[in-house]
Amino acid sequence: LLDTPGIAELSATRPLALRAADLAVVVLSPVQGLGPELLRLWHVLDEFALPRVVVVSKCDAERCDFEGVLDELRTRIDPHADPVELMVVAPEGEHAFLDVVDELVLVPHGEHEAGEPVPEHLRDRERSAREHLLDDVVSNDDELLERYLAGEELGADELWGALAHATRTRRLTPVFAVSGMTNRGVELLRDALVVLGTTREKRETLDEGTLGLVLGATSDTYQGATAMVAILDGSLSTSSAIEISTE
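Residues numbered from 1 in each chain as written. Predicted model: local features only at pLDDT ≥ 70, side-chain atom pairs only at ≥ 80, totals over all residues. Heavy atoms only, no water.

K.L.:
Help me understand the overall build of the protein chain in this model?
P.N.:
From N to C terminus, the protein chain includes seven helices and ten strands. Taking all 247 residues of the protein chain together, 38% fall into the buried category. Taking contacts inside the protein chain between residues at least 6 apart in sequence as the whole, the part at least 24 apart equals 62%. Carbon and sulfur atoms make up 51% of the accessible area of the protein chain, which amounts to about 14600 Å² in all. (Helix = DSSP H or I, 4+ residues; strand = E, 2+ residues; numbered from the N terminus. Buried < 20%, exposed > 50% of the residue type's maximum accessible area, 1.4 Å probe, protein only. Contact = heavy atoms within 4.5 Å. Areas by Shrake-Rupley, 256 points an atom, 1.4 Å probe, with all protein chains shown as cover.)

Structure representation (structure tokens):
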């Protein structure tokens, strides 16, 4: 996990991480919305052809406007930004977190969350989000599209697989609603990143040897020089000889 700074003053450190990454996780505030720095970052992600997911954090905040952020994402950045995890404010004011793929409401149980059937008063919003997600996912798969148009119900496992493919090919952008403070929605996000962040095809093709990218280096009086390296192809061991390229 490469944690890159979000502020503009430190944006020069991002390209190194993006070159080594398989997936970008863009974290937004539901209170502040989309700023100019996000638009610049999105352009950089496009330059690197990097798949991405959007995480709307702080969804437990009183002034959280998840739907507003989602609408702004679709209007200004990507019309195919689809919530996989949805936050809905229930009539009594409670913030409900919904798993759109498996059609469950996530209910806290101690330190974890368990999926339960979606209550009737939240059903319409969940169905609307799922239909929007399905439309974008199946449009990239002829077999799934034919089955979907025939009225066949698609299973959660194959939907996750199709969603992963659509994400990696940048046909859509999955959106997740979470709260880091209360841990709401975090478990689903964690599990989804394992599926969606499967390594892309190699960026380089080597006849032999190893290809790596130095992400950062430090120098210490006692330890000497230390470098953090991402291995893009091949492997590295303590006996490996390293050649530094300027290309």
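K.L.:
What should I look at first to understand helix H5 (residues 142-149) in this one?
P.N.:
It helps to recall that an α-helix has 3.6 residues per turn; residues three or four apart then point in one direction. Capping of H5 at its N-terminal end is provided by aspartate 141; its side-chain oxygen lies 3.1 Å from the backbone amide nitrogen of glutamate 143. Looking one or two residues past H5, glycine 151 carries a phi angle of roughly 90°, positive in sign. (Polar contact = N/O pair within 3.5 Å; in protein donor to acceptor, adjacent residues only side chain to side chain.)

K.L.:
Explain a nonpolar patch on the surface here, please?
P.N.:
A cluster of nonpolar side chains, Val214, Val229, Ile231, Leu236, Ile242 and Ile244, forms an exposed patch at the surface whose accessible area comes to about 550 Å². Relative to the helices and strands, isoleucine 242 resides in the segment after strand S10 (224-233). (Patch = residues over 30% accessible without salt bridge, like charges linked within 9 Å, V, L, I, M, F, W, Y side chains within 5 Å. Salt bridge = Lys/Arg side-chain N within 4 Å of Asp/Glu carboxyl O.)

K.L.:
Even after reading the chapter, I still don't get the nonpolar core, so can you show me in this structure?
P.N.:
Side chains of nonpolar character tend, in soluble globular proteins, to be buried together. Counting residues in each nonpolar core, the largest one holds 59 residues, and the members touching the most others are Phe66, Leu73 and Leu163. With sequence-adjacent residues up to four places away left out, phenylalanine 66 is seen in contact with Pro30, Val56, Cys59, Pro83, Glu85, Leu86, Met87, Val175, Phe176 and Ala177. Formed by five residues, the second largest nonpolar core is a distinct cluster that contains Leu213, Leu215, Ala230 and Leu232. (Core = buried A, V, L, I, M, F, W, Y, C linked by side-chain atoms within 4.5 Å.)

K.L.:
What should I look at first to understand the environment of alanine 177 in this one?
P.N.:
Looking at the secondary structure, you find alanine 177 in strand S8 (residues 173-177). The spatial distance from the C-alpha of alanine 177 to the C-alpha of valine 55 is 6.0 Å, given a sequence separation of 122 residues.

K.L.:
For this particular structure, what's the right way to read the pairing of strand S4 (residues 85-89)?
P.N.:
Here is the key point about a regular strand: its side chains alternate between the two faces of the sheet. By the criterion of burial, S4 is predominantly enclosed, with four of the five residues buried. Relative to strand S5 (residues 95-99), S4 runs antiparallel, the two sharing five bridges. Bridging from a neighbouring strand, valine 89 pairs with histidine 95 of S5. (Pairing = 2+ DSSP bridges.)

K.L.:
What is the right way to look at the sheet that holds S4 in this model?
P.N.:
Adjacent strands of a sheet form backbone hydrogen bonds with each other and so pair up, either parallel or antiparallel. Taken in spatial order, the four strands make up an open sheet running S4-S5-S6-S7, and their pairing is antiparallel. Edge strands, defined here as strands with exactly one partner in the open sheet, are S4 and strand S7 (112-117). Recorded for the sheet is a direction-independent mean angle of 40° between the axes of neighbouring strands. Seen against the sheet, helix H7 (residues 186-196) touches S4, S5, strand S6 (104-109) and S7 and runs at an angle of roughly 90° to S7. (Axes fitted to C-alpha atoms, helices over the stretch in contact; angles between N-to-C directions.)

Fair warning: the whole summary comes from geometry, so function is off the table for now.
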